[in-house]
Every structure is written in structure tokens, then in C-alpha cells.
Amino acid sequence: MSRGRSGSVTLDEAWAFSFVDRTKVAAARKMVAVLDSTKMPQKQFRKMIGFVVGAVETGGLAPEVSDALKADDNLYSVFTGLYGIITSAVRGKVKDQQVARDLKNCQVPQPYLDDVTKAIANKREALEKASESKRITLPTVEGVNWRIDVTISTTTLLRVFKPTIIMRLTLSDGKIRTFECPVDKFHQLRYSVAKVLKDMQDVARHPMIMIE
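Residues numbered from 1 in each chain as written. Predicted model: local features only at pLDDT ≥ 70, side-chain atom pairs only at ≥ 80, totals over all residues. Heavy atoms only, no water.

Moving on: the overall build of the protein chain. A tally of regular secondary structure across the protein chain gives nine helices and three strands. Listing each helix as α and each strand as β along the protein chain from the N terminus yields α-α-α-α-α-α-α-β-β-β-α-α. Within the span of the protein chain, comprising 212 residues, buried residues form 32% of the whole. Contacts in the protein chain between residues at least 24 apart in sequence constitute 59% of all its contacts with a sequence separation of at least 6. Carbon and sulfur atoms make up 56% of the accessible area of the protein chain, which totals about 14,000 Å². (Helix = DSSP H or I, 4+ residues; strand = E, 2+ residues; numbered from the N terminus. Buried < 20%, exposed > 50% of the residue type's maximum accessible area, 1.4 Å probe, protein only. Contact = heavy atoms within 4.5 Å. Areas by Shrake-Rupley, 256 points an atom, 1.4 Å probe, with all protein chains shown as cover.)

Here is the structure:
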């Protein structure tokens, strides 16, 4: 899958731009490799999906299931790969069409791909509810205020005239955080934000993202 005139992408790029969380890509790729090499029966694969769905909903596995997974490297690889794929789709609230598209681009074998997408579609509401109940969230920024203070003099210098930016953040939990920011650091912050916005635009224009 090398890049060509038609705008095709490499397999590494397909995974990088997929919905799968970056920390779980390696496990998902290992799962695909195991499925390709072992040709796991679909009946067994569907049972693995059931274990993953149960783990997400309840937060754990039955001891006998956990022991069986630990005793078989291939089963363990398939379970962890499925867990990464399903939890990424659920937590990101990824649409079913995108799940199917991304997994196809990542070369997940079609029979297994169909089983994964069906499981996510059929259990989405319960999985999202379970995921939300376990999620730890941090306060978000709801308002930003700032002003510039100028230090005219200090105990050692008569004339300083050094500007300092005072930032005040209002958080969603009602708390207000205030901090000082030197001008040079403020400019660095502006540059970093602008760079992130440009990177997001570049990603949005990537052929992998633009596929309908």
C-alpha cells in the first residue's frame, strides 16, 4: 500500500489516521497478524468479541476467562487488539461507517471486520454508557481574561518597564486560575497554538481523512 498518483496510503499511515487510539495501534496490528497466520475460526473470534464487550460493560473478566487468555499468546493478542479497537470506537463515538472504513484500510480480514462492526453497532448504547461511567474527566476552560501589567521599578533598579501578561482562566467547575506569563512565553504560546491549528488542517486535508 504505497503512496501513488491515486492518493493511496501506506499501511502505517492507514493505522496512524484511523480511529484507533495511538496507544492501542500496536496491539490491534498484532491481532491482525495473528488472525492472518492462524485463520481463527469465526465462532471463536465472536466468542472473543463477547469477552471484550463483557469486560467493557462490567470492568473485568471472569477468572477462568482471564486464565485462559494468559495461557495462550494468540488468544491474548486477539483479545487485547479487539479491546483496543472497540474501546477506541466507543470512547471516540466513532460512526459505524468510519469504523468499517478504517478497519478495511488497515487490512483487517473482511469476515472478522464484519463481526467487529456489527458488535459495536449492536452494543453501542450499552458500551458508551459503561465507558462514560468509568471515564475520569478534567475541568475544561470556559473563559479567558488577560491584562498587561508593567513593572516600573524594583528594589535594585529604578527603571525596568518590563511588561507581564496576567492570564485568568475560568474553568467549567467554577474555579478560577490566575498566572503570570512573560511576553516571550506568551509569543511562544501563540506560536504553539498556531502550529497545532495548522497541523490539524493538514490532517483534515490528508487523503486518508478525505475518503468518503
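This brings us to the packing of helix 2 (residues 25-38) against helix 5 (residues 73-91). Contact geometry of helix 2 with helix 5 gives a least axis separation of 7 Å together with a crossing angle of 135°. For the element pair helix 2 / helix 5, the angle class is oblique. Once helix 2 is placed against helix 5, the crossing between them reads as left-handed. Residues Ala27, Ala28, Lys30, Met31, Val34, Leu35 and Thr38 of helix 2 pack against Asn74, Ser77, Val78, Thr80, Gly81, Leu82 and Ile85 of helix 5. Among the residues making up the contact of helix 2 with helix 5, the classes are represented as eight nonpolar, five polar and one charged. (Axes fitted to C-alpha atoms, helices over the stretch in contact; angles between N-to-C directions. Parallel < 35°, antiparallel > 145°, perpendicular 65-115°, else oblique. Left-handed = near helix turned anticlockwise from the far one by under 90°. Nonpolar A, V, L, I, M, F, W, Y, C, P; charged D, E, K, R; others polar.)

Turning our attention to the pattern of salt bridges. Throughout the structure, instances matching the rule amount to nine salt bridges. For aspartate 149, the salt bridge identified is with arginine 147, shortest N-O distance 3.2 Å. Classification of aspartate 149 by relative accessible area gives partly exposed; the value is 30%. Among the residues examined, arginine 147 registers a relative accessible area of 48% and is labelled partly exposed. Aspartate 202 is the partner of lysine 198 in a salt bridge, and the nearest nitrogen-oxygen pair spans 3.0 Å. Taken as a pair, lysine 198 and aspartate 202 lie in helix 8 (residues 183-204) at a separation of four residues, close to a single helical turn. Judged by relative accessible area, lysine 198 falls into the partly exposed class, the value being 48%. Relative accessible area serves as the criterion here: at 32%, aspartate 202 is assigned to the partly exposed category. Residues joined by salt bridges that share partners form a network here, namely Asp96, Arg124 and Glu128. (Salt bridge = Lys/Arg side-chain N within 4 Å of Asp/Glu carboxyl O.)

Before going further, it helps to spend a moment on the confidence of the model for the protein chain. On average, residues of the protein chain carry a pLDDT of 85, and 87% of them reach 70 or more. A low-confidence stretch, residues 1-6 stays under pLDDT 50, and its non-local contacts, those more than four residues away or across chains, total 14 contacts. (pLDDT = per-residue confidence, 0-100.)

This part covers the nonpolar core. Judged by nonpolar contacts, the single largest core of 39 residues is most densely connected at Phe45, Val78 and Leu82. Counting only elements with at least two residues in this core, the list comes to helix 1 (11-16), helix 2, helix 3 (42-58), helix 4 (63-71), helix 5, helix 6 (96-105) and helix 7 (110-134). (Core = buried A, V, L, I, M, F, W, Y, C linked by side-chain atoms within 4.5 Å.)

So, about helix 6. When helix 6 is considered as a whole, its buried residues turn out to be Val99, Asp102, Leu103 and Asn105. Seen along its axis, helix 6 keeps its buried residues to an arc of 160°; they face one direction. Turned more than 90 degrees off the buried face of helix 6, the exposed positions are Gln97 and Lys104. Of the residues trailing helix 6, glutamine 107 is marked for its positive phi of about 65°. (Arc of directions from axis to C-beta.)

To continue, consider unusual backbone geometry. Most of the time, phi is negative for any residue but glycine, and the peptide bond is trans. Residues other than glycine seldom take positive phi values, yet lysine 39 does so here, at roughly 50°. You can see lysine 39 is positioned in the loop between helix 2 and helix 3. For lysine 39, a relative accessible area of 58% puts it in the exposed group. Even without glycine at this site, lysine 93 takes up a positive phi of about 50°. Within the secondary structure, lysine 93 is located in the loop between helix 5 and helix 6. Owing to a relative accessible area of 51%, lysine 93 belongs among the exposed residues under this scheme.

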